[in-house]
Amino acid sequence: MNRFDFRRLRRWEWALAAFALSTPFLLPALAPVSSSLVRPAMAETVGKPDASRIVSIGGAVTEIIYALGEENRLVGRDSTSTYPEAAAKLPNVGYMRQLAPEGIIAVNPAAIVAIEGSGPPEALAVLKQANIPFTTIGETYDKAGILAKIRAVGAFLGVPDKAEALVKSVEQDLDDALADSAARPESERKRVLFILSTQDGKIMASGTGTAASGIIELAGAVNAAGKFPGYKPLTDEAIVEAKPDVILMMDRGGAHGMSADQLFALPALSLTPAAKSKALVRMDGLHLLGFGPRTASAIRELNTAIYGKKTNASQ
């Protein structure tokens, strides 16, 4: 395999890579646009899995395992698996896109179950050589994808009945949360710009085919960024033309984020409708972008934050 030449990365690409590594719960939110966005989530297994001792890779996958009541099988998890709190007590085998094979092998797993996009390929090759079965769970950023993930994880664990019970509960919760969004007239839908970072005053925003775009649409709003795929830095002119009514960001806590005053003092954002009302929404990254069992809750929270009222399901 040819070694990637990191010198070819543009400045913003370095910034995005560094930000992702410092914000592990982002993923799979930063996954590249692929066919996984239009096909059901499915489990693809390399090797015959033994689900007695599992390493779970991906926040949503780990949440599903806990929601199924099968957490006693877990012997390790990745750094994006921050919920529930009990997961933090498990050995951390690293960031899902920068897995360290030795860390995984050290916990002696019988199998690995991972969200699509985990890697890198070199690490997966080492795990294959170690004869550790590796099951990949497909990813989509919609209701169908969440339910498919639950079924895929349930099938991997050998508990399809539990999975179907969870699917029924999660589906009902999602339907209730989506009711208000679906009923909202197009003319009343606000334009939301998801900002990943503001390094050096440059706005890195979310386009189509991303978890951020998916959750904005499920909450009954419009992705103001436009039609470009994935994440990219926007020019000041593009931000002004986007006319966002609301700015959406992850709540990283501490001193990691700009205040609303600092954010809306940026030249481009200062000219947007969002700046006039200082409409800034911050939410926990995994809750907002995880697309797991708690997504209905995220939809309600975001809908309330954008429109200033509770959804029908939570009234």
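Just so we're clear, the structure is a prediction, and the values are computed from it rather than from any experiment.

Asker: Run through the packing of aromatic side chains, naming residues and quoting values.
Answerer: Scanning all chains against the criterion turns up two aromatic pairs. Directly above the ring of Y307 sits R184, whose terminal nitrogen or CZ lies 3.5 Å from the centroid. Directly above the ring of Y83 sits R294, whose terminal nitrogen or CZ lies 3.6 Å from the centroid.

Asker: Go over the packing of helix α5 (residues 143-157) against helix α6 (residues 160-183) with me, naming the residues and quoting the values.
Answerer: Viewed as axis vectors pointing N to C, α5 and α6 meet at an angle of 165°, and their least axial separation amounts to 8 Å. In terms of orientation, α5 lies roughly antiparallel with respect to α6. Of the two possible hands of crossing, α5 and α6 adopt the one that is right-handed. For the pair α5 and α6, contact is made by K143, I146, L147, I150, R151 and G154 and by P160, A163, E164, L166, V167, V170, E171, L174, D175 and L178, respectively. Across the contact of α5 with α6, the residue classes break down as 10 nonpolar, one polar and five charged.

Asker: An account of the pairing of strand β4 (residues 111-115) is needed here, citing residue identities and associated values.
Answerer: Extensive coverage of β4 is indicated by the burial of five of its five residues. With four bridges joining them, strand β2 (residues 54-57) and β4 adopt parallel strand pairing. Looking at β4, one finds that V55 is bridged to I112. A crossover links β4 with its parallel partner strand β5 (residues 134-137), the connecting element being helix α4 (residues 121-129), and its sense is right-handed.

Asker: Any chance you could break down the nonpolar core for me, citing the residues and the numbers?
Answerer: If you look at the biggest cluster of nonpolar residues, it comprises 71 residues, and the most contacted ones within it are L157, F194, I215 and L302. Each residue touching F194, except ones within four places of it in the same chain, is listed here: M204, A205, S206, A212, I216, Y231, L248, M249, M250, L288 and L289. Counting residues in hydrophobic clusters, the runner-up holds 19 residues, among them F228, L234, I239 and A275.

Asker: Before we move on, can you summarise the pairing of strand β11 (residues 280-283) with the specific residues and values?
Answerer: Of the two faces of β11, the one holding V281 and M283 is buried and the one holding L280 and R282 is not buried anywhere. Of the strand pairs in this sheet, strand β10 (residues 246-250) and β11 are connected by four bridges, and their pairing is parallel. The residue of β11 that forms the bridge with L248 is V281.

Asker: Would you mind going over helix α7 (residues 211-218) in detail, with residue names and values included?
Answerer: For the α-helix, the turn length of 3.6 residues means that residues three or four positions removed from each other point alike. The element α7 is extensively covered by neighbouring structure, given that seven of its eight residues are classed as buried. After α7 finishes, the residue G220 shows a positive phi value of roughly 80°.

Asker: Could you give me a rundown of helix α12 (residues 295-307), with the residues and numbers involved?
Answerer: Compared with the 18 Å implied by 1.5 Å per residue over 13 residues, the 18 Å span of α12 between its first and last C-alpha is a close match. Among the residues of α12, those classed as buried are T295, A296, A298, I299, R300, L302, N303, I306 and Y307.

Definitions and limits used
By convention here, each chain's residues receive numbers from 1 onward along its written sequence. With the structure being a predicted model, the display of local features is reserved for residues of pLDDT at least 70 and the display and counting of side-chain atom pairs for 80 or more, all residues being used for whole-chain, interface and lining totals. Hydrogens and water molecules were not included; the side-chain quantities draw on all heavy atoms of the structure. Any two of the Phe, Tyr and Trp rings considered here, Trp counted by its six-membered ring, make a pair once their centres fall within 6.5 Å; the pair's planes then place it as stacked at under 30 degrees, edge-to-face at over 60, or tilted in between. Comment: the charge-over-ring label is applied if NZ (Lys) or CZ (Arg) is within 6 Å of the ring centre and within 35 degrees of the ring normal. To define axes, lines are fitted to C-alpha atoms, for helices over the stretch in contact only, and angles between the resulting N-to-C directions are given on a 0 to 180 degree scale. Only DSSP runs of H or I covering at least 4 residues are called helices, and only runs of E covering at least 2 are called strands; the numbering of each starts at the N terminus. Each angle gets one of four labels, with under 35 degrees taken as roughly parallel, over 145 as roughly antiparallel, 65 to 115 as roughly perpendicular, and the rest as oblique. A crossing counts as left-handed when the near helix is turned anticlockwise from the far one by less than a right angle, and as right-handed when that turn is clockwise. Contacts are assigned to residue pairs with any non-hydrogen atoms lying within 4.5 Å of each other. By the convention adopted, Pro, Cys, Tyr, Trp, Phe, Met, Ile, Leu, Val and Ala count as nonpolar, Lys, Arg, Asp and Glu as charged, and the other residues, Gly among them, as polar. For each residue, the accessible area found with a 1.4 Å probe, counting protein chains only, is set against the maximum for its type, and the residue is called buried under 20%, exposed over 50%, and partly exposed in between. A strand pair is defined by DSSP finding two or more bridges across the two strands. When the strands point away from the viewer, a crossover counts as right-handed if the path from the first strand over the helix to the second runs clockwise. Definition of nonpolar core: a set of buried residues of the types Ala, Val, Leu, Ile, Met, Phe, Trp, Tyr and Cys, connected through side-chain atoms within 4.5 Å. A helix is expected to span 1.5 Å for every residue after the first.

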